[in-house]
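Chain by chain, the residues run as shown.
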Amino acid sequence: MTSSNRKKVIMDMDPGVDDALAIIMAIHSPELEVLAITTVAGNVGIDHCVKNTLRVLALLDLENPPIVARGAEKALKAKPHDAASVHGEDGLGALGDAYYPELNWDLVTDEPAADLMARLVAEHPGEVTVMADGPITNVAEAIRRHPKEMAKAKAIQAMTGAIHVPGNIPPVGAAEFDAYCDPDALAEVLDFTVPVFMVPLDVTHAVPLQRDIAQYEFGRRTDRISKFVLDSSVHYMDFYRDDQGHDGCYLHDPLNVAIAAFPTIARTEAMRIHVDTSDSLTRGLTLPYHHPRLKKAEPNCHVALKVDTERTMRLFWERVRGD
Ligand code: RIB
Ligand code: CA
């Protein structure tokens, strides 16, 4: 594929184990051109997120790695929340600095994430898809600061929300993590003029990664990416095993990449989604308009509700291994 017909994407994320898998998958996907990786506090604090992005890029050892930007260290308004207990205290299973090759800190630009995002979108009008894989604070901030530039995005495709399934935030499971972390940002993004595609837990839970299968697929290989996938995910998979009885994890952010590369992998429905921005048990709930009279209310996004599990998994193995 030539550079001109690759889909231009900006990955906005909070690495995180599944974010790391998403970076590997996107970089190994010839359908995608990763213009930049912008980071946001979410799974872990912003310093860890920047460092983890560099760690994954160092393992990938690329000739032309994407630029990396530091983004929001807190949500627009909501109280801080993280998932270090899920992803490990550094966000990548706490393997330690010595595990990684030397990091290239020169990749981190001084330009704040929101400004870089808007600038790149404006430089390629109608061509850039902003893929959000964490709390959507940077995207909302970019829209607030540079609405004209951000209006030139092709789409915003966000792994976020839980529509017809429970969320993953205890104790009641109303919200999905990213929506919970910054519900105000999500509400603002949904109000914006650019088409928004939502990839919620409804579909990411349809792409589970089983530990034994991962061990089989990656364990017989000697390359460092395969080793990293297994090593970094031990803590993450232990969490799902102990918390939910699922000995593995879910491919939340990798599914977002798969859909960006091959949109027909998912079936979407145009819907109007309300985000609960209250500071209550239902903070971050992404509620579809259910009432028969309102069901036809002006949609504010396209929600992926069905996914081709087999095709996604095939793509995951192939792309993460770099076959
Ligand atoms: O709820 C899953 C999402 O929250 C994923 O993007 C994960 O990395 C965290 O950001
Ligand atoms: Ca994420």
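Quick caveat: nothing in here was measured; it's all calculated off a predicted structure.

Definitions and limits used
Residues numbered from 1 in each chain as written. Chains lettered and ligands numbered in written order. Predicted model: local features only at pLDDT ≥ 70, side-chain atom pairs only at ≥ 80, totals over all residues. Heavy atoms only, no water. Pairing = 2+ DSSP bridges. Helix = DSSP H or I, 4+ residues; strand = E, 2+ residues; numbered from the N terminus. Axes fitted to C-alpha atoms, helices over the stretch in contact; angles between N-to-C directions. Contact = heavy atoms within 4.5 Å. Buried < 20%, exposed > 50% of the residue type's maximum accessible area, 1.4 Å probe, protein only. Near = heavy atom within 4 Å. Polar contact = N/O pair within 3.5 Å; in protein donor to acceptor, adjacent residues only side chain to side chain. Areas by Shrake-Rupley, 256 points an atom, 1.4 Å probe, with all protein chains shown as cover. Nonpolar A, V, L, I, M, F, W, Y, C, P; charged D, E, K, R; others polar. Phe/Tyr/Trp six-rings, centres within 6.5 Å; stacked < 30°, edge-to-face > 60°. Lys NZ or Arg CZ within 6 Å of the ring centre and 35° of its normal.

Colleague: Can you explain the sheet that holds strand S9 (residues 266–271)? Please cite residues and give values.
Modeller: The eight strands are arranged S3-S2-S1-S4-S5-S6-S12-S9 in an open sheet whose pairing can be described as mixed. Only two strands of the sheet have a single partner each, and these edge strands are strand S3 (67–69) and S9. Going across the sheet, the axis of each strand differs from the next one's by a mean of 25°, ignoring polarity. Note that strand S1 (residues 7–13) and strand S4 (residues 128–132) share five bridges and pair parallel. When the sheet's bridge partners are listed, methionine 11 is paired in S4 with methionine 131. Packing against the sheet, helix H12 (residues 252–261) makes contact with S1, strand S2 (32–39), S4, strand S5 (155–159), strand S6 (196–199), S9 and strand S12 (301–307), and its axis sits at approximately 150° to S5.

Colleague: Outline H12, supporting the account with residue identities and numerical values.
Modeller: Here H12 lies mainly inside the structure; 10 of its 10 residues are buried. Every buried residue of H12 is accounted for by His252, Asp253, Pro254, Leu255, Asn256, Val257, Ala258, Ile259, Ala260 and Ala261.

Colleague: Residue-level account of the site of ligand 1, with values.
Modeller: If you check the shell around ligand 1, you find Asp14, Asp18, Asp19, Asn43, Asp133, Met159, Asn168, Glu176, Phe177, Asp178, His252 and Asp253 and nothing else. Between ligand 1 and aspartate 133, the relevant distance is 3.0 Å, taken from an oxygen atom to a main-chain nitrogen or oxygen of the residue. In this structure, an oxygen atom belonging to ligand 1 sits 3.0 Å away from a side-chain N or O atom of asparagine 168. When ligand 1 is considered free in solution it has 280 Å² of accessible area, and contact with the protein chains removes 97% of it. Elements with a contribution of two residues or more to the shell around ligand 1: helix H1 (17–27), helix H7 (177–181) and H12. Taken together, the residues of the shell around ligand 1 sort by class into two nonpolar, three polar and seven charged.

Colleague: Kindly report on the packing of aromatic side chains, identifying the contributing residues and their values.
Modeller: Counting across every chain of the model gives nine aromatic pairs. Ring centres of tyrosine 99 and phenylalanine 228 lie 6.5 Å apart, and the angle between their planes is 50°; this geometry places the pair in the tilted category. Residue tyrosine 99 is located in the loop between helix H3 (84–87) and helix H4 (113–123), and its partner phenylalanine 228 is located in helix H11 (residues 224–244); the two are separated by 129 residues in the primary sequence. For phenylalanine 228, a relative accessible area of 1% gives the class buried. Ring geometry for phenylalanine 316 against tryptophan 317: centres 5.4 Å apart, planes inclined by 65°, an arrangement best described as edge-to-face. Judged on exposure class, the residue phenylalanine 316 and its partner tryptophan 317 are both buried. Clustering of aromatic rings is evident, with ring pairs tying together Tyr236, Phe239, Tyr240 and Tyr250. Sitting over the face of the ring of tyrosine 216, arginine 220 holds its NZ or CZ atom 4.3 Å from the ring centroid.

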